[in-house]
Amino acid sequence: MTSLLNFIGIPVGVECWHALLEIFILYLIIYGVVSYLRSVTGMVILVGVFIFWAVTGLLCHYLALPVIEYVFDGIGSSMVVILMIIFQPELRRALAQLGSSYRFGTVKMRREVIDGVVQAASDMSRRRCGALIVLERSIPLHTLVNDSVPLDSRVSALMLESIFYPNSPLHDGATIIRNDRIVAARVILPLSQANDISRKIGTRHRAAVGISETCDAVTVVVSEETGGIAIAYHGKLHRDLSARALENLLDAVMIKKDDGEVEETLRMLEEKSEAERLQ
């Protein structure tokens, strides 16, 4: 590397390696930001802001519009704050996902818990009993727990079905599972404001997506209207799952913690759904 730099005429020294390191870090930051923004609806806003700013700048320069140029110079000094406000949901989700990469605590999820959740979801699906079950991962949900009805119960299918039984005192809202305990019921979850969510889905599914946008929790949803089982994970809603598919997903996310296996399972489910639709 040193001989190559000398050959093309770039001086080699501490300053040179420091500059190369800075360039590499900037590249990683810019690449990460652009890659993330490409997957969110805020990218459309960013492109619109950039085009508007570029066109306005060119007009001010070539048409000599000093007043407008003065105003936009003032706005430009606050552009970072403006962009933070515009992209507040995306930034919150990105920081939550970044934080979830570092374990703040040990997640103790036994297979018996997964079996209980899958059994309860399957039973409630057959009876078309609506349910919203949040499985906490590495980011604690203390605020939501504190604002709900606190519980301390072992996870079982019977307990979950009792909570969501129609007209029971605790059936409204969500239930939170932490490790191997049910810690809260009647939890009010934040609703997703994403524009790419179908208008046909109800508040329960939108709440499931909303909590998955702000933390790394996994949320299981049972539709009261259709009995369909869905799961919300990393801001995405995956619907019409079988009990087996739900079990495989929860096993990969909560026990194996293998995102690659999760993506492969979701890809297979999407291909299966597409094949069934075309038949």
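Here, every reference points to the structure presented above.
The present account deals with the structure reproduced in this document. (Residues numbered from 1 in each chain as written. Predicted model: local features only at pLDDT ≥ 70, side-chain atom pairs only at ≥ 80, totals over all residues. Heavy atoms only, no water.)

Quick notes on the sheet that holds strand 2 (residues 149–154)
The strand order 2-4-3-1-5-6-7 describes an open sheet built from seven strands, whose pairing is mixed. Pairing within the sheet leaves two strands with one partner each, and these edge strands are strand 2 and strand 7 (236–238). Direction aside, neighbouring strands of the sheet carry axes that sit 20 degrees apart on average. Sheet topology note: the strand 1 (residues 131–135)/strand 3 (residues 174–178) ladder contains three bridges and is parallel. Note that in strand 3 the partner of Val134 across the bridge is Ile176. Its contacts with the sheet place helix 7 (residues 111–127) against strand 1, strand 3, strand 5 (218–222) and strand 6 (229–233), and it is angled at close to 25 degrees to strand 5. (Pairing = 2+ DSSP bridges. Helix = DSSP H or I, 4+ residues; strand = E, 2+ residues; numbered from the N terminus. Axes fitted to C-alpha atoms, helices over the stretch in contact; angles between N-to-C directions. Contact = heavy atoms within 4.5 Å.)

Side note on the nonpolar core
As a rule of thumb, soluble globular proteins bury nonpolar side chains together. Ranked by internal contacts, the top residues of the largest apolar core, which has 32 residues, are Ile133, Val220 and Leu250. Elements that contribute at least two residues to this core include exactly helix 7, strand 1, helix 9 (157–163), strand 4 (181–187), strand 5, strand 6 and helix 11 (243–256). It is helix 7 that contributes the most residues to this core, seven residues altogether. Residues Ala174, Ala208, Ile211 and Ala232 belong to the second largest nonpolar core, which totals 20 residues. (Core = buried A, V, L, I, M, F, W, Y, C linked by side-chain atoms within 4.5 Å. Buried < 20%, exposed > 50% of the residue type's maximum accessible area, 1.4 Å probe, protein only.)

What about a nonpolar patch on the surface?
Together, Phe50, Ile51 and Val55 give the surface a local cluster of nonpolar side chains, amounting to about 310 Å² of exposed area. Following the sequence through the fold, Phe50 ends up in helix 3 (residues 42–63). Take Phe50: its relative accessible area is 60%, and that puts it in the exposed class. (Patch = residues over 30% accessible without salt bridge, like charges linked within 9 Å, V, L, I, M, F, W, Y side chains within 5 Å. Areas by Shrake-Rupley, 256 points an atom, 1.4 Å probe, with all protein chains shown as cover. Salt bridge = Lys/Arg side-chain N within 4 Å of Asp/Glu carboxyl O.)

Some remarks on the pattern of salt bridges
According to the stated counting rule, one finds six salt bridges in the structure shown. Across the pair Asp152 and Arg181 runs a salt bridge whose closest N-O atoms are separated by 3.0 Å. Within this pair, whereas Asp152 is found in strand 2, its partner Arg181 is found in strand 4, the two being separated by 29 residues in sequence. Owing to a relative accessible area of 59%, Asp152 belongs among the exposed residues under this scheme. Residue Arg181 is classed as partly exposed on the basis of its relative accessible area, which comes to 30%.

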